[in-house]
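Examining the three-dimensional arrangement
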Amino acid sequence: MTELLKTAAITVDFDRDRQQLKANGALSIMVQPLLKKMNQRLSEEKPAMIRMKDVVITTWLPPIPSGPFKRLLLNEAKMTISRPVPQTVSIEVTRDCGAACDHCLIKDGEGDLNKEQIQNVINQAIDLGTCIITFTEGDPLLRQDIFDLIKYVDPEKAVVNIFTPGLEMTPERAVKLRESGLYNLIIGIYSSHPEIHDKIRGVQGAHAKAVEAIKTALAAGLMVTMACHVKSGDVEHIPELYQFASDLGVHELSIWEGIPKTPDEQLTQIEREKIIELYRSINSTPGGPRLFANTYFEGQMLGCMAGKRWLHIGVNGEVRGCPYLKKNYGSILERSLKDIWNDMRYSGEFDGFDCSCPAQKIFSPS
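Now for a look at the structure at hand. No experiment lies behind these values; they were computed from the predicted model shown.

On to the overall build of the chain. Across its full length, the chain holds 11 helices and 14 strands. Over its C-alpha atoms the chain spans a radius of gyration of 19 Å, differing by no more than 12% from the 21 Å that the globule rule assigns to 366 residues. Expressed as lengths along the three principal axes of its C-alpha atoms, the size of the chain is roughly 55 × 50 × 50 Å. Looking at the chain residue by residue over its 366 residues, the buried ones come to 55%. The long-range share in the chain, meaning contacts at least 24 apart out of those at least 6 apart in sequence, stands at 66%. Approximately 16200 Å² of the chain is accessible, and the part contributed by carbon and sulfur atoms is 51%. Charge separation in the chain, taken as the distance between the mean sites of 42 positive and 47 negative side-chain charges, equals 5 Å.

Let us now look at the layout of surface pockets. One number sums up the size of the second largest pocket: a volume of about 540 Å³. In terms of lining, the second largest pocket is formed by 26 residues, of which the most central are Arg 51, Lys 53, Pro 63, Gly 181 and Tyr 183.

Another point: the state of the cysteines. By definition, a disulfide links two cysteine residues through a covalent bond between their sulfur atoms. Considering all chains together, one arrives at 0 disulfides under this definition. As a non-bridged cysteine, Cys 131 has Cys 304 as the owner of its nearest cysteine sulfur, 17 Å distant. By relative accessible area, which is 0% here, Cys 131 ends up buried.

Rules behind the numbers
Residues numbered from 1 in each chain as written. Predicted model: local features only at pLDDT ≥ 70, side-chain atom pairs only at ≥ 80, totals over all residues. Heavy atoms only, no water. Helix = DSSP H or I, 4+ residues; strand = E, 2+ residues; numbered from the N terminus. Rg over C-alpha atoms; globule rule 2.2 N^0.38 Å. Buried < 20%, exposed > 50% of the residue type's maximum accessible area, 1.4 Å probe, protein only. Contact = heavy atoms within 4.5 Å. Areas by Shrake-Rupley, 256 points an atom, 1.4 Å probe, with all protein chains shown as cover. Lys, Arg positive; Asp, Glu negative; His and termini not counted. Charge placed at Lys NZ, Arg CZ, Asp CG, Glu CD. 1 Å grid on protein atoms, 1.4 Å probe; cavity = no way out; pocket = protein on both sides within 12 Å on 5 of 7 lines; lining within 4 Å. Points joined across faces, edges and corners; volume = space filled by probe spheres on them. Disulfide = S-S within 2.5 Å.

Remember, this is a structural readout, not a statement about activity or role.
In structure tokens, the structure reads:
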């Protein structure tokens, strides 16, 4: 069966039986590099989810076929002519959170963006070409209007993710998330051992609540990603964490490189290579959830996305290249998102292909 994604200048055929993409049209040559990478992933790796109407290669990308995926392809065409688009925009929607993590960067401040301000950000992001919107920090489920914010995003233009520690989930909230049109629920679990996770979260019982949140979300029919940040010494525990994720039945385990606070916490090159080995081994093995690793996705595949494909809005409205970079380029309360994005691009700080996370380089020799 072949399904068509059409725009005025590009048509993408997706053969569900062969799991292959093929582009035609005036812009097709511009997206061939991305399609080649995606087809390689489809041939070598299991997808996160195969549904009746679409296929989810990874929960971090829009499903194929879909309106947001069309926009992603057009954005990639613009990349080839040096017109990068913030395909992913993450928005910190609240400081409120039931956890007390030491690594939290916003817990000591005051004030959140209001509903109208966030809606304005969404409008501007969509106008720029954004096709993935993620609500994050501290716990979006504590916002009473979070369901309205999800509904506000046009599903033909962007998918919506939510990142939560999983402390506030109820069956009723899970159903409302699904009915609001949430694409993917991301729940952070740092270890299969409750005592380790609870210590990081600063709340006794946080692990049990996160596990129950995953089960509740899956029972409600939501797509669920279990996410974890790793630092040096944690990589050897990934297989155990993956087995835990598999037992829970999530659709993808997402491994992100944590930001080190000391040189000893910085991942070594050997550890990064081990992550890549696990990525390839797990994703080429049938059954179980898919493994996402930004060590590969933002390393070998696309390079660092900050300021190229990713834009982050802080809880106070300040705009950064990604959540992990400290420098801000302006506030959406004072300037348009387009002007701030242009300033970031003209700064020259996000030029070229960077196969490693700039935020990880804080202890690297200059």
